[in-house]
Number of protein chains: 2
Amino acid sequence: MAMVKAPQAFPRTEYLQRLAAVKREMERRDIDALMITSPANITYLSGYTSKSGYVPQGLVISLNEEEPTFFTRRMDAPAAMHQMFIDNSRVIGYAEDLIANPDVDGFDTIIDFLHDKGLSSGGVGLEAKVVSAQTVEKFKARMPTAQVVDFANAVHWIRGVKSDLEIALMREAAANADAGMTRAKEVIRPGVREADAAAEIIAALVRGVDGNPSTDLSGFFLCASPRSSTAHIRWSEDVFRQGSQINLEFGGVRHGYTSALMRTFSIGKPSDRLRRIHEGEVAGLEAALAAVKPGAVCGDVATAFNTTMKRHGLVKESRCGYAIGIDWTEPTASLKEGDRTVLKPNMTFHLMLGNWIDEDFGYVISETFRVTETSAEVFSKLPRIINEI
Amino acid sequence: MAMVKAPQAFPRTEYLQRLAAVKREMERRDIDALMITSPANITYLSGYTSKSGYVPQGLVISLNEEEPTFFTRRMDAPAAMHQMFIDNSRVIGYAEDLIANPDVDGFDTIIDFLHDKGLSSGGVGLEAKVVSAQTVEKFKARMPTAQVVDFANAVHWIRGVKSDLEIALMREAAANADAGMTRAKEVIRPGVREADAAAEIIAALVRGVDGNPSTDLSGFFLCASPRSSTAHIRWSEDVFRQGSQINLEFGGVRHGYTSALMRTFSIGKPSDRLRRIHEGEVAGLEAALAAVKPGAVCGDVATAFNTTMKRHGLVKESRCGYAIGIDWTEPTASLKEGDRTVLKPNMTFHLMLGNWIDEDFGYVISETFRVTETSAEVFSKLPRIINEI
């Protein structure tokens, strides 16, 4: 029996529009064939969210074919047929004996395909930020007459402006993140293990709300006293205590699309230090959002935040945020001073105002938003408070 | 206030032994300095499990210093000081303006350090399977007199034989995986959404048992009818139905160490086809385990499985398993025919017998085990059955 297609998150026309944008960029760079290996870019161009990227895989786009061809190990081909919008015949499962084989791997299958299609002597694009040095060497050695062109971050930039359907998924993801944060307020108590709170929050994120479960887990970080200065610890084996501060960061996920959210909790009355930074950061957050409008640049948003923080006697060293979408961070536009990326409607950002001040103190708050025709739409509905337990 | 050290999963002496083994390999390959970028290898050599590897980071080992030096972005330095066994002064947080900077990145800080230490003109090891092509180019351009040597998989091989303390963590992780599978049996019911079952199972994995929570989430895959032929889908938005088959794969995690487990569920009486493959696979599994002893090679275990399967009229295309430890798969020894890796006490494997037969049918079962002085110790305590709901 042939593998059935899963319900598709986007219509075929939307995928073809995305591919058309990629092909225009290929033409501009004089590339006949492009191998996409970034899992998020594969999701964008096909709908595939299965987790097979730990072994060689690649979505090959050529200028003279409407649909791309996907190469993955044989055991993952059925999931690709199920999830991808492309015809099942365009999913090539390479032989399992290429796994853990010191001589050849799945990329050899892709190179064979490019040779067969006559695509190995022109421009061939690779995403050199995510492709290993070993693999680029293999391409150059086996395709000596090809012009190997670095396509790093190019598809990421194309992803920057979202469609209304993508925005709808990010709103759903944000509602799930809100549900997780709401659950956190119920389960963070003195004497509770961090892991037990994490279990409850993650379960709420997965269940989601409004009939829209999260379709994956995103980054999840619970950094509590005496670790409030850490940014990316999952959780510890410790318990919460009276006086503990808890910094939470996580996202809801819908078909790859992530909306991130950070909030700070305090068991008992927040310290003066915590209240002061919270006031400055919320003022900065509001100033940053007020600076969002089409035609402004990313740097303007950061300047609004930093200027407000300075008035409160505060400073944040790390950037104020970044483009967000599939699999969280997009390595493109940053909300930092000097970034000249022009804001356009339906660009989406994580205004990430986590501030890890010194070795014994940090604070977090954030919003995921989109640029509208006039300003910013924040996806979360939660108040910007220190959640006092 | 200086960042306090977290309770350490291993004594300092164990980390120094691990580093000594790496340094012997460096000497053998004529390398003065080595940059480790594989997150699992960083965990192995330092205890660090925080999730900062999405931006440049590296653990630099030099032959003439006892402790390594870790480079990470400034916001992640406190977590490294907290978790790593090394002196806090050896955690270098590079400036946040190197993030999303098109001209320089964190690897430039590491190159500066190698120049300063006089380590940039001898042999310098990089893990070329995990380092991007762009980064290797940067090293070669900025250190033109260095001999850049590929150290891919070398530390992975050193990790192959576990200490008794590592084995103890893997037993704890396995008990957590068992708790997750036990919870699955309680929550998989007709009409239940896959996501709701996933939420409950994941929560059980995180909570763990015996006072040992999982310290991270590992791969989690719930592939149910009509997707039982898929291997790596998280879960879908569908519900279970009478007659559904559900294939589960996940692990418990303790301080990075993962024990993986796969079991198949059937709502209602299993089909004849499912029962037949289950009988053959369990017989093969037992034959494979019976072939485990020090001095045998990995290929012997695969041959025992494949021969038994063949007697049942069955075949499995993918390898029968692989070395497992920190962050799941170790890219070293494979349980496949022809693999001549000699089994030694305290090597650990995931005997992964998932078998995705064709586009409408797959089956999973697995065991994580260690090689003992005489045979195999299986970590899971669960029966090898089709879990009938």
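Residues numbered from 1 in each chain as written. Chains lettered and ligands numbered in written order. Predicted model: local features only at pLDDT ≥ 70, side-chain atom pairs only at ≥ 80, totals over all residues.

Describing the overall build of chain A
Counting secondary structure elements, chain A contains ten helices and 17 strands. Here the C-alpha radius of gyration of chain A, 23 Å, is about what a compact globule of 389 residues would show, namely 21 Å. Reported as C-alpha extents along the three principal axes, the dimensions of chain A are approximately 70 × 45 × 40 Å. Across the 389 residues in chain A, those meeting the buried criterion constitute 56%. Sequence-distant contacts in chain A: of pairs separated by 6 or more residues, those separated by 24 or more amount to 68%. (Helix = DSSP H or I, 4+ residues; strand = E, 2+ residues; numbered from the N terminus. Rg over C-alpha atoms; globule rule 2.2 N^0.38 Å. Buried ≥ 20, exposed ≤ 12 C-beta atoms within 10 Å, placed from the backbone. Contact = placed C-beta atoms within 7 Å.)

Concerning the nonpolar core
Formed by 236 residues in total, the largest nonpolar core has its most connected members in Ala198, Ile202 and Val301 of chain A together with Ala198, Ile202 and Val301 of chain B. Apart from residues lying up to four places away in sequence, Ile202 of chain B is in contact with Ile202, Ala203 and Val206 of chain A together with Leu217 and Phe220 of chain B. (Core = buried A, V, L, I, M, F, W, Y, C linked by C-beta atoms within 7 Å.)

Some words on the relation of the copies chain B and chain A
Once turned by 180 degrees and shifted 0.0 Å along the axis, chain B lies on chain A with an RMSD of 0.0 Å. What the rotation and shift describe, once combined, is the action of a two-fold rotation axis. A high fraction, 100%, of the interface residues of chain B reappear at the interface in chain A, so the copies pair face to face through one surface. (Least-squares fit on C-alpha atoms with pLDDT ≥ 70 in both.)

With respect to the packing of helix α7 (residues 164-187) of chain A against helix α8 (residues 194-207) of chain A
Residues and elements named next belong to chain A. In the contact formed by α7 and α8, the axes pass within 8 Å of each other and the chain directions differ by 150 degrees. Judged by the inter-axis angle, α7 sits roughly antiparallel to α8. Here α7 and α8 pass one another in a crossing that is right-handed. Facing α7, whose interface residues are Asn176, Ala177, Ala179, Gly180, Arg183, Ala184 and Val187, α8 presents Ala197, Glu200, Ile201, Ala204 and Leu205. (Axes fitted to C-alpha atoms, helices over the stretch in contact; angles between N-to-C directions. Parallel < 35°, antiparallel > 145°, perpendicular 65-115°, else oblique. Left-handed = near helix turned anticlockwise from the far one by under 90°.)

Focus on the confidence of the model for chain A
Per-residue confidence for chain A gives a mean pLDDT of 96, with 100% of residues at or over 70. Interface predicted TM-score (ipTM) for the complex: 0.97; the corresponding pTM is 0.98. (pLDDT = per-residue confidence, 0-100.)

Thoughts on the pairing of strand β4 (residues 91-94) of chain A
Strand residues, when the strand is regular, have side chains that alternate between the two faces of the sheet. All names here are of chain A. Bridge count for strand β3 (residues 69-73) against β4 is four bridges, and the pairing is parallel. By the bridge assignment, Thr72 is partnered in β4 with Gly93. You can see the chain leave β3, run along helix α3 (residues 77-83) and come back into β4, and the turn it takes is right-handed. (Pairing = 2+ DSSP bridges. Right-handed = clockwise from strand over helix to strand, strands pointing away.)

What to know about the sheet that holds strand β6 (residues 147-150) of chain B
Residue and element names in this part refer to chain B. Pairing is mixed in the open sheet, where six strands are placed in the order β4-β3-β2-β1-β5-β6. Either end of the sheet is taken by a strand with one partner, and the two such strands are β4 (91-94) and β6. Sheet twist, expressed as the mean angle between neighbouring strand axes with direction ignored, is 25 degrees. Examined bridge by bridge, strand β2 (residues 58-62) and strand β3 (residues 69-73) share three bridges and lie antiparallel to one another. Counted as the bridge partner of Val60 is Thr69 from β3.

Comments concerning the pairing of strand β8 (residues 245-254) of chain B
Residues and elements named next belong to chain B. For β8, the tally of buried residues reaches ten of ten residues, placing the bulk of the element in the interior. The alternating pattern of β8 places Gln245, Asn247, Glu249, Gly251 and Val253 on one face and Ile246, Leu248, Phe250, Gly252 and Arg254 on the opposite face, and all of these are buried. The sheet contact formed by β8 and strand β9 (residues 257-266) spans ten bridges and is antiparallel. Across the sheet, residue Gly251 finds its bridge partner in β9, namely Ala260. In this antiparallel pair of consecutive strands, β8 and β9, the connection spans two residues, and His255 shows a positive phi of 50 degrees.

Some thoughts on the sheet that holds strand β17 (residues 387-388) of chain A
All names here are of chain A. Spatially, the four strands line up as an open sheet ordered β7-β8-β9-β17, and their pairing is mixed. The two strands at the open ends of the sheet, each matched to only one other strand, are β7 (220-224) and β17. As judged from the five bridges shared by β7 and strand β8 (residues 245-254), these two strands associate in the antiparallel manner. In the sheet register, Cys223 faces β8, and the bridge partner there is Asn247. Docked against the sheet, α8 engages β7 and β8, running at close to 150 degrees with respect to β7.

Focus on the interface of chain B and chain A
In this assembly, 62 residues from chain B lie in contact with 62 residues from chain A. For the side of chain B that touches chain A, the class distribution of residues is 31 nonpolar, 14 polar and 17 charged. (Nonpolar A, V, L, I, M, F, W, Y, C, P; charged D, E, K, R; others polar.)

Focus on the environment of Thr43 of chain A
All names here are of chain A. Secondary-structure assignment places Thr43 in helix α2 (residues 39-46). On a C-alpha basis, the gap between Thr43 and Gln83 in space is 9.5 Å, while along the polypeptide they are 40 residues apart. In contact with Thr43, not counting residues within four places along its chain, are Tyr48, Thr49, Gly256 and Ile326.

Thoughts on the domain arrangement of chain A
Size of an interface, as often reported, equals the accessible area lost when the parts are brought together. Residue and element names in this part refer to chain A. Domain boundaries assigned for chain A yield domain 1 (12-158) and domain 2 (164-388). For domain 1 and domain 2, the distance between their C-alpha centroids amounts to 34 Å. Taken residue by residue, the interface counts nine residues in domain 1 and ten residues in domain 2. Within the residue set of the side of domain 1 that touches domain 2, elements represented by two or more residues are α2 and α6 (154-158). Residue contributions to the side of domain 1 that touches domain 2 peak at four residues, all from α2. In the side of domain 1 that touches domain 2, the residues fall into four nonpolar, four polar and one charged. (Domains from an automatic or database assignment.)

Description of helix α10 (residues 298-311) of chain A
An α-helical segment advances 3.6 residues per turn. Residues three or four places apart therefore align on the same side. Residue and element names in this part refer to chain A. The terminal C-alpha atoms of α10 lie 21 Å apart, and with 14 residues this matches the ideal 20 Å at 1.5 Å per residue to within 8%. Restricting attention to buried positions, one finds in α10 the residues Cys298, Asp300, Val301, Ala302, Ala304, Phe305, Asn306, Thr308 and Met309. Looking at the buried residues of α10, the elements they touch are α9 (272-290) and β11 (328-334). Looking one or two residues beyond α10, the residue adopting positive phi is Gly313, at roughly 75 degrees. (Expected span 1.5 Å × (residues − 1).)

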